[in-house]
Amino acid sequence: MESENSGSIYIISSVHNIMLLISGAYVSDIVPIPEIKRTVPHSPAYISGICNSYSRNIAMIDLAILLELNNTGISDRNSMMIIISKDSRKIGLLVDRVLSIEPFDNILQNGKSPFVNNFISNICTLKNTNEIAMELDIPGILSKI
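Residues numbered from 1 in each chain as written. Predicted model: local features only at pLDDT ≥ 70, side-chain atom pairs only at ≥ 80, totals over all residues. Heavy atoms only, no water.

So, on to the sheet that holds strand E5 (residues 56–62). The five strands lie next to each other as E3-E6-E7-E5-E4, forming an open sheet whose pairing is mixed. In this open sheet, the two edge strands, each paired with only one partner strand, are strand E3 (27–32) and strand E4 (47–53). Averaged over all neighbouring strand pairs, the angle between strand axes comes to 30°, with direction disregarded. Across four bridges, the pairing between E5 and strand E7 (residues 89–95) is parallel. By the bridge assignment, Asp62 is partnered in E7 with Leu94. (Pairing = 2+ DSSP bridges. Helix = DSSP H or I, 4+ residues; strand = E, 2+ residues; numbered from the N terminus. Axes fitted to C-alpha atoms, helices over the stretch in contact; angles between N-to-C directions.)

As a further point, take the pattern of salt bridges. If you walk through the whole model with that rule in mind, you get one salt bridge. Its salt-bridge partner being Lys86, residue Asp87 comes within 3.5 Å of it at the nearest N-O pair. Here Asp87 falls in the exposed class, since its relative accessible area comes to 75%. (Salt bridge = Lys/Arg side-chain N within 4 Å of Asp/Glu carboxyl O. Buried < 20%, exposed > 50% of the residue type's maximum accessible area, 1.4 Å probe, protein only.)

Turning our attention to the pairing of strand E1 (residues 9–15). Counting buried positions over the seven residues of E1 gives six, a clear majority of the element. Here E1 runs beside strand E2 (residues 18–23); their pairing, made up of six bridges, is antiparallel. Along E2, the bridge assignment pairs Ile12 with Leu21.

Note that Leu93 resides in strand E7. Exposure remark for Leu93: the relative accessible area of 0% places this residue in the buried category. Along the primary structure Leu93 and Ile83 are separated by ten residues, whereas in three dimensions their C-alpha atoms are 6.3 Å apart. Residues within four places of Leu93 in sequence aside, it is in contact with Ile22, Ile61, Leu63, Met80, Met81, Ile82, Ile84, Leu136 and Ile138. (Contact = heavy atoms within 4.5 Å.)

On to the side chain of Ser14, then. By secondary structure assignment, the location of Ser14 is in strand E1. Exposure remark for Ser14: the relative accessible area of 11% places this residue in the buried category.

This part is about the side chain of Asp96. Along the chain, Asp96 turns up in the loop between E7 and strand E8 (97–103). Polar side-chain contacts of Asp96 include one of 2.5 Å to the backbone nitrogen of His16. (Polar contact = N/O pair within 3.5 Å; in protein donor to acceptor, adjacent residues only side chain to side chain.)

What follows concerns the nonpolar core. Residues Ile22, Ile61, Leu63, Leu93, Leu136, Ile138 and Ile141 are the most contacted members of the largest nonpolar core, which totals 24 residues. Broken down by secondary-structure element, the contributors of at least two residues to this core are E1, E2, E5, helix H1 (63–66), strand E6 (80–86), E7, strand E10 (120–126) and helix H2 (138–144). Residue contacts for Ile138: discarding those within four places in its chain leaves Ile22, Tyr26, Ile84 and Leu93. In this structure, Ile12, Met19, Ile107 and Leu126 belong to the second largest nonpolar core, which totals nine residues. (Core = buried A, V, L, I, M, F, W, Y, C linked by side-chain atoms within 4.5 Å.)

The next thing to look at is unusual backbone geometry. A positive phi angle, near 50°, is found at His16, a position not held by glycine. You can see His16 is positioned in the loop between E1 and E2. Even without a glycine there, the phi angle at Asn130 is positive, about 60°.

Interpretation note: all reported values are geometric properties and have no functional meaning in isolation.
Right, dumping it as structure tokens:
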């Protein structure tokens, strides 16, 4: 019997050497981090700024700061922005690297861990490499922003 996610994909990315999974159902694009961005006064530290993409202003969310991995945030010139869409909302998640795109069938979901924060929905294992990755809770992130 196939699961409801069979045929789905995950974007595998890294932030400060932590492997993260993002369901492809939420991803509308993956682009280099725009050079031109505007800061937002009095915004939380994890909001790196706003940029214009597809004629819309998009909040740029620094996952390193949001996930409390490091207070220095994303700084590598090769970093990418994963544009997330849900309903009418769009945000850009800043990551150090996009490593691969994997089918759902290559991901073993191990379940929620008590050691993660509200932005992680599952701890997973990549079947082909046995590496551990954390699945981002995109609805949880959107509710915070």
